[in-house]
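Coordinate inspection notes
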Amino acid sequence: MSHAKETPSREFLLHLSLLLGWLVPIPFIDALLPIIIWQTTKKQSPNIEPHARNAINWLISSTIYGLVLTLTLVGTILLPALLGLRLVFPVIAAIQASQGKIWQYPLTIDFLGVKPEKQLRRAAIAFLPLVVIPLAALLGSLTWWHNRTNWIASLAPTTGTVVQVLEKVDDYDNTVYKPVIKYEVPEKESYEFSPDIWSESLIYRKGESVDLLYSPTDPADAIINEWFEKWFFVTAALVISSIILGFAIIPSIFCFILSRLA
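Residues numbered from 1 in each chain as written. Predicted model: local features only at pLDDT ≥ 70, side-chain atom pairs only at ≥ 80, totals over all residues. Heavy atoms only, no water.

**Considerations on empty space enclosed by the protein**
A full pass over the atoms with the stated rule returns one cavity of 30 Å³ or more. As for the largest cavity, its lining consists of L18, W58, L59, R86 and P90. Among the residues forming the lining of the largest cavity, the class breakdown is four nonpolar, no polar and one charged. (1 Å grid on protein atoms, 1.4 Å probe; cavity = no way out; pocket = protein on both sides within 12 Å on 5 of 7 lines; lining within 4 Å. Points joined across faces, edges and corners; volume = space filled by probe spheres on them. Nonpolar A, V, L, I, M, F, W, Y, C, P; charged D, E, K, R; others polar.)

**Points about helix α5 (residues 75-98)**
Because the α-helix completes a turn every 3.6 residues, residues three or four places apart line up on one side. In a regular helix each residue adds 1.5 Å, so 24 residues correspond to 34 Å; α5 covers 34 Å between its end C-alpha atoms and thus fits that length. Just downstream of α5, G100 is the residue with a positive phi angle, here 80°. (Helix = DSSP H or I, 4+ residues; strand = E, 2+ residues; numbered from the N terminus. Expected span 1.5 Å × (residues − 1).)

**Side note on the packing of aromatic side chains**
Aromatic ring pairs are described here by two measures, namely the spacing of the ring centres and the angle between the planes. Scanning the model with the defined rule gives eleven aromatic pairs in all. Judged by centre distance (6.2 Å) and plane angle (80°), the rings of Y183 and F193 are edge-to-face. Of the two residues, Y183 is situated in strand β2 (residues 175-184) and F193 in strand β3 (residues 190-193); the sequence distance between them amounts to ten residues. The exposure class assigned to Y183 is buried, which follows from its relative accessible area of 1%. (Phe/Tyr/Trp six-rings, centres within 6.5 Å; stacked < 30°, edge-to-face > 60°. Buried < 20%, exposed > 50% of the residue type's maximum accessible area, 1.4 Å probe, protein only.)

**Quick notes on the pattern of salt bridges**
A full pass over the atoms with the stated rule returns two salt bridges. Among the salt bridges present, the one from R86 reaches D30, with a minimum N-O distance of 3.6 Å. Note that R86 is positioned in helix α5 and D30 in helix α3 (residues 29-41), a separation of 56 residues in sequence. Looking at D30, the relative accessible area reads 17%, which means it is buried. A salt bridge links E49 to R53, with the nearest nitrogen and oxygen atoms 3.0 Å apart. One end of the pair is E49 and the other is R53, both in helix α4 (residues 48-70) and four residues apart, which spans about a single turn. (Salt bridge = Lys/Arg side-chain N within 4 Å of Asp/Glu carboxyl O.)

**Some words on the pairing of strand β4 (residues 209-215)**
Regular strands place their side chains on alternate faces of the sheet. Counted residue by residue, β4 has five buried out of seven residues, so it is predominantly covered. Here strand β1 (residues 156-169) runs beside β4; their pairing, made up of six bridges, is antiparallel. Note on β4: the bridge partner recorded for G160 is V210. In this sheet, strand β5 (residues 218-224) lies alongside β4 in antiparallel orientation, the contact comprising four bridges. Residue pairing across strands places S215 opposite D218, the latter belonging to β5. Hairpin remark: β4 followed by β5, antiparallel, with two residues in the connecting loop. (Pairing = 2+ DSSP bridges.)

**So, the packing of helix α7 (residues 132-153) against helix α8 (residues 227-261)**
Running from amino to carboxyl end, α7 crosses α8 at an angle of 160°, the nearest separation of the two axes being 8 Å. As the angle between them shows, α7 and α8 are arranged roughly antiparallel. Note on packing geometry: the crossing formed by α7 with α8 is left-handed. Tallied by class, residues from the contact of α7 with α8 come to 16 nonpolar, five polar and three charged. (Axes fitted to C-alpha atoms, helices over the stretch in contact; angles between N-to-C directions. Parallel < 35°, antiparallel > 145°, perpendicular 65-115°, else oblique. Left-handed = near helix turned anticlockwise from the far one by under 90°.)

**Looking at the sheet that holds β2**
The antiparallel open sheet is built from five strands, whose spatial order is β3-β2-β1-β4-β5. Two strands close off the open sheet at either side, each with one partner strand: β3 and β5. Averaged over all neighbouring strand pairs, the angle between strand axes comes to 40°, with direction disregarded.

**Comments concerning the nonpolar core**
Core analysis: the biggest nonpolar cluster contains 28 residues, and W38, I56, I60, Y105, F254 and L258 have the highest contact counts within it. Among the elements of the structure, α3, α4, α5, α6 (116-127) and α8 are those that each provide at least two residues to this core. Excluding residues that lie within four positions of it along the chain, W38 makes contacts with L14, I48, E49, A52, I56, L112, L258 and L261. (Core = buried A, V, L, I, M, F, W, Y, C linked by side-chain atoms within 4.5 Å. Contact = heavy atoms within 4.5 Å.)

**Quick look at the pairing of β3**
Only one face of β3 is buried, namely the one carrying Y191 and F193, since none of S190 and E192 on the opposite face is buried. By the bridge criterion, four bridges tie β2 to β3 in an arrangement that is antiparallel. When the bridges of β3 are listed, Y183 appears paired with Y191. In sequence, β2 turns back onto β3 through a hairpin of five residues, with E187 there showing a positive phi of about 60°.

**Let's talk about the layout of surface pockets**
The computed volume of the largest pocket comes to approximately 620 Å³. What lines the largest pocket is a set of 24 residues, among which F28, D30, T63, R86 and P251 lie closest to the centre. Only α2 (20-23), α3, α4, α5 and α8 provide two or more residues apiece to the lining of the largest pocket. By residue class, the composition of the lining of the largest pocket is 18 nonpolar, four polar and two charged. The calculated volume of the second largest pocket comes to roughly 280 Å³. Contributing to the lining of the second largest pocket are 16 residues, with R148, D196, I223, E229 and F233 lying nearest its centre. Going through the elements one at a time, α7, β5 and α8 are the ones with two or more residues in the lining of the second largest pocket. The element best represented in the lining of the second largest pocket is α8, accounting for seven residues. Looking at the lining of the second largest pocket residue by residue, the class counts come to eleven nonpolar, one polar and four charged.

Next comes the structure, spelled out in structure tokens:
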């Protein structure tokens with residue numbers, strides 16, 4: 001009586017999981033899913049370990065190659081080839097796994113080989129320079145927030161009147177608007193100012209009263225007293241730099257976690 005050969009589906013899926021980042025817009029899912037498959041199935045499928053090590057070694061190696069190529073002018077020409085290999089290699093490995101074979105990814109550094117903990121920690125340290133620029137951006141955003149908080153606290157309130165609504169057509173053929181606001185300050189002459197940002201909506205109309213904040217030391221320096229004008233750009237800078245910093249530090253954390261599992 002013949003028995004059909006059991007298909008090593010876990011190994012097959014582990015290799016294909018490296019391609020999931022191309023299909024699912026979840027950051028680093030192609031790095032996390034192979035580890036999850038490996039760690040949750042290694043007791044039931046002892047043979048999955050060499051497949052997982054090969055796949056993760058390739059993932060780390062190709063990421064390092066990508067960073068090096070990105071930082072070099074000539075290397076950027078080779079980036080499409082590297083992306084092609086990141087598509088092709090997991091498919092070849094999955095096909096080989098479906099036939100019960102272990103395929104060694106070419107061009108791979110064996111981070112999970114001899115003394116994997118030491119090599120992975122070195123890789124984690126090597127990834128740390130990725131955080132330098134977003135960390136500097138975050139510190140700059142925090143400084144900007146601190147300075148703006150102090151500046152807004154020094155402003156005095158007043159009320160202005162919209163004396164004109166400017167209108168133009170932007171580069172996308174949309175009509176955009178912004179008000180010209182006239183205001184007076186105690187014992188000073190009247191001033192006019194207009195926000196820097198144009199709006200596609202007609203928010204302010206001629207003759208409308210608008211709450212303002214102005215600088216007592218420089219009355220011509222004023223802003224509209226609303227959250228968007230006061231905090232939008234500095235808040236956006238903080239949020240974006242924090243998100244980029246979080247993404248930049250993930251490769252190092254990823255390697256540190258692997259060093260504990262290796």
